[in-house]
Amino acid sequence: MRNLIVDKYILLVGLLFAWMDMSGAGELQAFVKDQNGKPVEDAVVLATPLDGSHVQMLKQQRNEVDQIDKEYVPHVKVVLVGSNVLFPNKDNIRHHVYSFSPGKVFELPLYSGTPAAPVQFDKAGPVTLGCNIHDWMLGYIYVADTPFYGKSAKDGKTHIVDVPPGDYSVRVWHPDMKGSEESTSRKATVDATAVTTMEWQLTLKPVFRIPRVSGGAGSAY
Amino acid sequence: MGNSDVGVRHDGNVNNAQLNHDIAGDSALLAGISATGFFPLEHGSSLSVTGETRVESYDRYTGLNNLSLGAALAFRKKWALGPYAPWTGLSLSSAHLNYSNNIRNGWRHQVAIRGGERILERWNVRAEYLYERRTAKTQQPDQPGISGDIFSYNSRAVTLNAEYAWDESIFLTCGVLLRRGGVVATTSETANMIASSEAIADDPVFGEHFYAYRMYGTTRGLDVGLNVAVSRNSLLRASISRLLTHTAGDNDYAKTVQTVSWNYSY
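Residues numbered from 1 in each chain as written. Chains lettered and ligands numbered in written order. Predicted model: local features only at pLDDT ≥ 70, side-chain atom pairs only at ≥ 80, totals over all residues. Heavy atoms only, no water.

All names here are of chain A. Formed by 28 residues in total, the largest nonpolar core has its most connected members in V45 and V170. Mapped by element, the contributors of at least two residues to this core are β1 (26-33), β2 (44-49), β6 (76-80), β12 (138-144), β14 (157-163), β15 (166-173), β16 (186-190) and β17 (195-201). Formed jointly, this core draws a minimum of three residues from each of two domains, domain 1 (26-47 + 150-205) and domain 2 (56-145). V45 has contacts with A30, V32, F148, Y149, G150, T158, I160, V170, R171, V172 and W200, leaving out every residue within four places of it along the chain. (Core = buried A, V, L, I, M, F, W, Y, C linked by side-chain atoms within 4.5 Å. Buried < 20%, exposed > 50% of the residue type's maximum accessible area, 1.4 Å probe, protein only. Helix = DSSP H or I, 4+ residues; strand = E, 2+ residues; numbered from the N terminus. Domains from an automatic or database assignment. Contact = heavy atoms within 4.5 Å.)

Here it is in structure tokens:
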């Protein structure tokens, strides 16, 4: 009982310090659109402190990329470097998850349910996911080297909150973008008293996804 | 896993006739529904079992209306990991065909060997060898010494298909066909047809004085299609095929077939 009370005090003190630390934090708002001015969904916006501070906030996290109705959900998942990711299969058919990406080459041969061991992503950058049974299944994991990141919603907007004031290099990545994410890098100053807004216009490549259905009547001779 | 499709097909020479005054074109409403049990196996292989029923309902020649019930067993192997890996497959299928005009009733058995590969981001190619055996009830011989077993024959066909992704949802297809084996042409009686036929019988579907002739023929075909993925699970397809058949005795015929169909999988 005494230990429980001590734990509660430790938690309260921790929360107080965390609040004090964040009370001076700023917010970064980003809007990503394509070459036609349309909002871009699933764009990853990353802010890296130029002075190298706050990187100590990096820590391993446990994340999931589901397989639902023979699709990866979410289509784009952002995790921190060193994170463990589970790939639960919520379909009633087995999947065979794999990646050829230089950031993480791995394979989860045919399985149902949730594999016992998660996959650790320890190298920053994008990782493309496929399924060897269902060729149309395509998903992405972006492994972030900064804790200040966001992913754009359907309206192309993302909000990165609790960003300590300072100078940042901010860049954008999207699975269909032309060019490198480094070419999108810009310097931004985050202020504790105002929201920093940024906007990107990406040129997206056409996407050729493998169709789920095929058909057509046969010929009569 | 289920699949259903509905469509319309116009065949400009539904009776495979050579002479202009014999050629009959007709349109048919098509519908099909199938259920597939799909079983992924180790090392990139899979097995599927499908049960299917199809109906065809013709506008003018209602004797061609038919219902088929069939089943198929297919094995497929991918030879590497990923969407660009080459694959091969073998399938066995059988269907019972039930026509309004019951001389056509019978079984269709098929064995197919397939292979394919997505060679580039936009290009997908496929080849198939198909052996088909049709069996039907033997009819009363119409000509002395010539079989009445019209709708029983074998054939072999090779098809090569290519698919090009125009954009995210539009796919253009092109295929060529070479087929050798039995064909059935229904025309008015000619001496040349009789001389080169392997079987002859009355065919009341196309009217009086029309006879069905079974001959050995070679068909060359070209098919182009436009596939539009209208949603994640459905596909709209329009295609046109041109088929030229050369038969024994030079009873050659040509036809153009246009099909529009909508396919939905779930």
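Our next topic: the domain arrangement of chain A. Residue and element names in this part refer to chain A. Domain parsing of chain A yields domain 1 (26-47 + 150-205) and domain 2 (56-145). Each of domain 1 and domain 2 has a C-alpha centre, and the two are 23 Å apart. Tallying the contact residues gives eight residues for domain 1 and nine residues for domain 2. The junction of domain 1 with domain 2 conceals about 800 Å² of combined surface from both sides, 67% of it contributed by carbon and sulfur atoms. When the buried area of domain 1 at its contact with domain 2 is split by residue, K151, W173 and P175 rank highest and sum to 47% of it. Applying the counting criterion to the domain 1 and domain 2 interface returns one salt bridge. In this structure, R171 and D145 form a salt bridge, with 3.4 Å as the shortest nitrogen-oxygen distance. For the pair domain 1 and domain 2, the interface holds four residue pairs in polar contact (both at pLDDT 80 or more). (Buried area = accessible area lost by both parts, 1.4 Å probe. Salt bridge = Lys/Arg side-chain N within 4 Å of Asp/Glu carboxyl O. Polar contact = N/O pair within 3.5 Å; in protein donor to acceptor, adjacent residues only side chain to side chain.)

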